[in-house]
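# Examining the three-dimensional arrangement
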Protein chains: 2
Amino acid sequence: MGFAVKTDDDAKPGDADIDFGTLHELTGYWLRRAQLNTYRNVRNFFFDEFEMTPGLFGVLEIVFRNPGLTQTAVANAMGNDRSAMVAIIDKLEKRGLIERRPSPVDRRSKALYMTTQGEAFQARVRSRALQHNQQFFDLLTVEEHQQFVDMLKRVAERADESRC
Amino acid sequence: MGFAVKTDDDAKPGDADIDFGTLHELTGYWLRRAQLNTYRNVRNFFFDEFEMTPGLFGVLEIVFRNPGLTQTAVANAMGNDRSAMVAIIDKLEKRGLIERRPSPVDRRSKALYMTTQGEAFQARVRSRALQHNQQFFDLLTVEEHQQFVDMLKRVAERADESRC
DNA sequence: ATTTAATTGTTGTGCATATCAACAGTAATG
DNA sequence: CATTACTGTTGATATGCACAACAATTAAAT
């Protein structure tokens, strides 16, 4: 299944000599391509080692940095629907990493807190994530990397503005 | 240490005072964020105007530039499983944009060709896509845009290499 | 030539994610 | 009070991706 990359002497004609036409001129195409591949890589990496996904990691990190947050608050921060939170929190709670406590001020909502076990776990994952991130993007110089992130932020904001 | 993010002038109080912690230091996070928002924008745009999705557009463009290609060849080019092709080709064929012809050399495979109607349609979409792309990324200077695409390509390749 | 292996399109399944509508319980507002 | 808004939750639906299986067909092995 290995796609050896640049060798034109590959007997497979169907791979290299394909004309992508306008696709390769569209920034959105490359953005998607880069993200999809990166995401798959990160996901496989962290699932193998921690049985974690980027989504779970994000929730864990946010709850860790903002103890007592409500579920919808986390959902809004993550940019997805609050109904999606339920399954995520369920998983994390079932693994003993997170805790739902009744909010002292609002009997509807539930305040989210990290367990001590969850903090220890997240510390390990976080360290590994930073390490993997730096290692993965070392194909960019430090300047490039900085510019890259800066542009990504601007693009993300832009796309967020023109939201219907 | 002293790297706490400074006070953004809050427009929304309940939204902005959340600490994202390590998340905001991960390039992959921003990459995903930018891509998701961009994709949603592009998708809404082209779905409203043409009832097209980026995926359909890609297949259409590839078939247009490489007439007679087989379904799995297109799937490999697009980077997804050949089973995903079926529904896509079905849609495009049902709309009269594309055609499945029996391959003259291999009775298993089906050669894909564009209809004249499909070519006319795709010409309109293609033009609009290029226009929208340029307009959307005009928040980057020409130099930045070029660098951006260049880096995305490198990242995409990198992620592709370390594929299991 | 006959068996074996590989590939094609296709279908189905499972999993993760996303959006939307509804609901009962609760809070805020008039 | 009555009404309106918000909470977590469930369910329906759609999507995309990965994988397994299948009959038909081709390629390779012996």
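What comes next concerns the included structure. Residue positions are given per chain, counted from 1 along the sequence in the order it is written. Here the convention is simple: chains get letters from A, ligands get numbers from 1, in the order in which they are written. At least 70 in pLDDT is required for a residue's local features to be given in this predicted model, at least 80 for side-chain atom pairs to be given and counted, and no such filter applies to totals for whole chains, interfaces and linings, which use all residues. The side-chain values count all of the structure's non-hydrogen atoms but skip hydrogen atoms and water molecules.

## Describing the protein's contact with DNA strand C
One heavy atom within 4 Å of a molecule or strand makes the whole residue count as near it. Taken together, 20 residues are adjacent to DNA strand C, and R108 of chain A together with T70, T72, R100 and R108 of chain B come closest. Of all DNA strand C atoms lying within 4 Å of any protein atom, the proportion belonging to sugar or phosphate reaches 62%. Here a polar contact is taken to be a pair of N or O atoms separated by no more than 3.5 Å, where protein atoms must pair a possible hydrogen donor with a possible acceptor and residues adjacent in sequence count only if both atoms sit in side chains. Within the side chain of T70 of chain B, an N or O atom sits 2.4 Å from a phosphate oxygen of DNA strand C. Between DNA strand C and the protein, one listed contact pairs a base oxygen with a side-chain N or O atom of R82 of chain B at 3.2 Å. In this description a helix means any DSSP run of H or I spanning at least four residues, a strand means any run of E spanning at least two, and both kinds are numbered starting from the N terminus. For the surface near DNA strand C, the elements supplying multiple residues, two or more each, are α4 (71–78) and α5 (83–94) of chain B. Each residue receives one of three labels: charged for Asp, Glu, Lys and Arg, nonpolar for Ala, Val, Leu, Ile, Met, Phe, Trp, Tyr, Cys and Pro, and polar for the others, Gly being one of them. Classifying every residue of the surface near DNA strand C by side-chain character gives one nonpolar, eight polar and eleven charged.

## Details of the protein's contact with DNA strand D
R40, T70, T72, R100 and R108 of chain A are the nearest of the 19 residues found near DNA strand D. Close to the protein, within 4 Å, the atoms of DNA strand D are drawn from sugar and phosphate at a rate of 62%. Within the contact set of DNA strand D, a phosphate oxygen lies 2.3 Å away from a side-chain nitrogen or oxygen of R40 of chain A. Between DNA strand D and S83 of chain B, the relevant distance is 2.8 Å, taken from a base nitrogen to a side-chain nitrogen or oxygen of the residue. Elements that contribute at least two residues to the surface near DNA strand D include exactly α2 (27–50), α4 (71–78) and α5 (83–94) of chain A. For the surface near DNA strand D, the element with the highest residue contribution is α2 of chain A, accounting for three residues.

## Topic: the relation of the copies chain B and chain A
Note on the identical chains: chain B maps onto chain A by a rotation of 179° and an axial translation of 0.1 Å, with an RMSD of 0.2 Å. On this basis, the relationship between the two copies can be described by a two-fold rotation axis. Working rule for contacts: check all heavy atoms of both residues, and any pair within 4.5 Å makes them a contact. A shared binding surface is used by both copies, with 95% of the interface residues of chain B retained as interface residues in chain A. When the copies are superposed, the least-squares fit takes in the C-alpha atoms of residues with a pLDDT of at least 70 in both.

## Points about the interface of chain B and chain A
Tallying the contact residues gives 64 residues for chain B and 65 residues for chain A. For the pairing of chain B and chain A, the buried interface totals around 6200 Å² over both sides, and the portion due to carbon and sulfur atoms is 64%. Two parts placed together each lose some accessible area under a 1.4 Å probe, and the buried area is that loss summed for both. It is T27, M151 and R158 of chain B in chain B that bury the most area against chain A; as a group they hold 10% of the surface buried on that side. Think of a salt bridge as a Lys or Arg side-chain nitrogen and an Asp or Glu carboxyl oxygen that are within 4 Å of each other. For the pair chain B and chain A, the interface holds six salt bridges. Notably, a salt bridge pairs E144 of chain A with R154 of chain B, separated by 3.1 Å at the nearest N-O pair.

## Examining the packing of aromatic side chains
Think of a pair of aromatic rings as described by two things: how far the centres are apart, and how the planes are tilted against each other in angle. Two rings belonging to Phe, Tyr or Trp (six-membered ring only in the last case) form a pair when the distance between their centres is within 6.5 Å. Interplanar angles under 30 degrees mark stacking, angles over 60 mark edge-to-face geometry, and anything in between is tilted. Under the defined criterion, the tally for this structure stands at 13 aromatic pairs over all chains. Ring centres 5.0 Å apart and planes at 80° place the aromatic pair F136 of chain A and F137 of chain A in the edge-to-face group. For the pair F136 of chain A and F137 of chain A, one class covers both residues: buried. For each residue, the accessible area found with a 1.4 Å probe, counting protein chains only, is set against the maximum for its type, and the residue is called buried under 20%, exposed over 50%, and partly exposed in between. By relative accessible area, which is 2% here, F137 of chain A ends up buried. Three or more aromatic residues link up through ring pairs in this structure, and these residues are F136, F137 and F148 of chain A together with F136, F137 and F148 of chain B. For a Lys NZ or an Arg CZ to count as sitting over a ring, it must be within 6 Å of the ring centre and within 35 degrees of the ring normal. The side chain of R32 of chain B reaches across the aromatic face of Y39 of chain A, ending 4.2 Å from its centre. Looking at R101 of chain B, its charged tip hangs above the ring of Y113 of chain B, at a distance of 4.0 Å from the centre.

## Quick notes on the pairing of strand β3 (residues 110–114) of chain B
Residues and elements named next belong to chain B. A pair of strands is labelled paired if DSSP reports no fewer than 2 bridges between them. As paired elements, strand β1 (residues 69–70) and β3 share two bridges and run antiparallel to each other. Bridge pairing in β3 links L69 to L112. Sheet analysis places strand β2 (residues 98–102) next to β3, joined by five bridges and oriented antiparallel. Residue pairing across strands places I98 opposite M114, the latter belonging to β3.

## Here we look at the sheet that holds β1 of chain B
Strand order in this open sheet of three strands is β1-β3-β2 (chain B), and the pairing throughout is antiparallel. The sheet is open, and its two edges are formed by β1 and β2 of chain B, each paired on a single side.

## Focus: unusual backbone geometry
Despite not being glycine, E51 of chain A has its phi angle at roughly 55°, a positive value. Its location among the elements puts E51 of chain A in the loop between α2 and α3 (54–65).

## Here's the deal with the pattern of salt bridges
Under the counting rule described, the total for this entry stands at 22 salt bridges over all chains. With its nearest N and O atoms 3.1 Å apart, the salt bridge here joins R65 of chain B to D19 of chain A. Of this pair, R65 of chain B sits in helix α3 (residues 54–65) while D19 of chain A sits in the loop between α1 (13–16) and α2, which puts the two residues in different chains. A relative accessible area of 32% means that D19 of chain A is categorised as partly exposed. Beyond isolated ion pairs, a larger network of salt bridges with shared partners links D19 of chain A together with E61, R65 and R126 of chain B.

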